[in-house]
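Coordinates in review
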Amino acid sequence: MSSPKTTPSSTGSTQWSTVSSQVAQSIEQAIQEASDKLRAVSLDIHSHPELGWEEHHAHDALTEFMEKQGFQVERHAYGMDTAWKATYEVGQGGRTIGFNSEMDALMGIGHACGHNLIAISGCAAALGVAAALKKHNIAGKIVLLGTPAEEGGGGKTELLARDAYKGMDACLMIHPGTGGNGSGSVTSTSIVGFTVTYKGKSAHAGGAPEKGINALDAAVAAYVNISVLRQQVPGTNRIHGVIAGSENWSANVIPGEAQLKYGVRAPTAREVMDLVPRVLNCFKAAALSSGCTHEITISHAYLDLQPCTTLETAYQEFCKERWGSEGYDVSDRTSISASTDFGDVTYHLPGLHPMFHLPNAHGGEFPPKAPEAHQAALKAATGIAVVGARIVVDGDFAQETRKTWEKQMTDIESEKVIANLKDLLAPYRKQRE
Ligand SMILES: [Zn+2]
């Protein structure tokens, strides 16, 4: 990257129509040039799967990589061990675009969700925009956040609470999905994750069962209560959970302690708020009938994903124009029943979270470490990078994005939803140590 020869324009007077193709080309070129290095980082993370809040290896690999790209790197950012921040600024007074890199793996199945691809696509988008701003001498700032614990930990919710997204004009990230060649914008469900601990009293099941209070009975009763409830809730709702056993359980001892883990989902946070009290009643009724004490805590709570429609349209348009002729399938917005802590981000600033598909070949699906999956990630990363660059370059676009998002938030009464959900869950919140 060469240094700027003139003072960068600071307030977005640059006409997008005149620079868009050069900016997009510069972004794509920079990303493709970094492809091998990005792939090495991706494979490294893939072979070192780490659970949420424990992404130490990924934290180190990604911060080292971004530092080598000329970014200013903050390790263990915002008082969180595995969070990080990489910043790059050209000129002064330009707008700020944000990207996110997720890093955590899943219990038992490693990086099957492909967060190694999310991690490097955030880096790719950030370095792509940095190269373009520098080359075309446009003032602006790029902030890439390494966001821990997406899988049930809520790293982005923590980061939001610690003002990590403050100053960003918009924030974008991508997530892999199954089968095909293409991508598209998605919405995702709102979720509240519960852990319920029942405590009773152990006793010998043969000798003195009447002296015991059966905590497993409480867990089973709650499980059954919820199974009965399930038929009476809207078809788009999801209530799913497990009884967490103990290695010390044995058939001839009445269990003195048992635990439930549940996820309660609905398409929107508003609908989750209708469902949660009914599920809480199922938990509480089981404690009452079994005579156990119970403690309910929240492991995580994610709002639904609200893609900013201006960013969404720009992303679809770019992808269609760039790769449509090569059979890249850009789908309209779809709803998925998974959830992400990026939902919370989209309630606080304009955001976009498209899914890209890992291509199928030879009748099978490419795992997140295949070269084809890597290229699919880089394409989608190029897409969000171009939209992100447009926020920096094109003042009208940035303004329209803000206006559209504000209207979307007014329509769903976002502030009221956030406040009501907070009140509803407050008794069950436990501070993360
Ligand atoms: Zn995921």
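Above: the structure in question.
I will try to describe carefully the structure that is included in this document. (Residues numbered from 1 in each chain as written. Predicted model: local features only at pLDDT ≥ 70, side-chain atom pairs only at ≥ 80, totals over all residues. Heavy atoms only, no water.)

Our next topic: the side chain of T87. Here T87 is to be found in strand β2 (residues 84–90). Among residues more than four places away in sequence, those in contact with T87 are F71, Q72, K141, I142 and V143. (Helix = DSSP H or I, 4+ residues; strand = E, 2+ residues; numbered from the N terminus. Contact = heavy atoms within 4.5 Å.)

Before going further, it helps to spend a moment on the pattern of salt bridges. In this structure the tally under the stated criterion is 14 salt bridges. Between K156 and E102 there is a salt bridge, and its shortest N-O distance comes to 2.7 Å. Taken together, the positions of K156 in helix α5 (residues 155–161) and E102 in strand β3 (residues 95–102) put the pair 54 residues apart, joining distant regions of the chain. In this structure E102 comes out as buried when scored by relative accessible area, which is 0%. Through salt bridges that share partners, E28, R322, E326 and K379 make up one connected network. (Salt bridge = Lys/Arg side-chain N within 4 Å of Asp/Glu carboxyl O. Buried < 20%, exposed > 50% of the residue type's maximum accessible area, 1.4 Å probe, protein only.)

Where helix α10 (residues 371–393) meets helix α11 (residues 395–411), the closest approach of the two axes is 6 Å, and the angle between their N-to-C directions is 105°. Regarding the angle of α10 to α11, the classification is roughly perpendicular. Contacts from V387, R390, I391 and V393 in α10 reach G395, F397, A398 and T401 in α11. Here the contact of α10 with α11 is composed, by residue class, of 5 nonpolar, 2 polar and 1 charged. (Axes fitted to C-alpha atoms, helices over the stretch in contact; angles between N-to-C directions. Parallel < 35°, antiparallel > 145°, perpendicular 65-115°, else oblique. Nonpolar A, V, L, I, M, F, W, Y, C, P; charged D, E, K, R; others polar.)

Right, let's get into the packing of aromatic side chains. Taken as a whole, this structure holds 6 aromatic pairs when the rule is applied. A centroid spacing of 5.8 Å and a plane angle of 70° characterise the contact between F194 and F283, whose relative ring orientation is edge-to-face. Residue F194 is located in strand β8 (residues 190–199), and its partner F283 is located in helix α7 (residues 269–290); the two are separated by 89 residues in the primary sequence. Judged by centre distance (5.6 Å) and plane angle (85°), the rings of F318 and W323 are edge-to-face. Within the aromatic cluster, the residues linked to one another by ring pairs are F194, Y223, Y262 and F283. (Phe/Tyr/Trp six-rings, centres within 6.5 Å; stacked < 30°, edge-to-face > 60°.)

The protein atoms that coordinate the zinc ion are C113 (SG), H115 (NE2) and H175 (NE2), at distances spanning 2.1 to 2.5 Å. Counting gaps between the donor residues of the zinc ion yields the pattern C-x1-H-x59-H. Taken together, the residues span a long stretch of sequence, with H115 in helix α4 (residues 115–135) and H175 in strand β6 (residues 175–177) at a distance of 60 residues. The class for H115 is buried, based on a relative accessible area of 0%. (Donors = N, O, S within 2.8 Å, 3.2 Å for Na, K, Ca; no water.)

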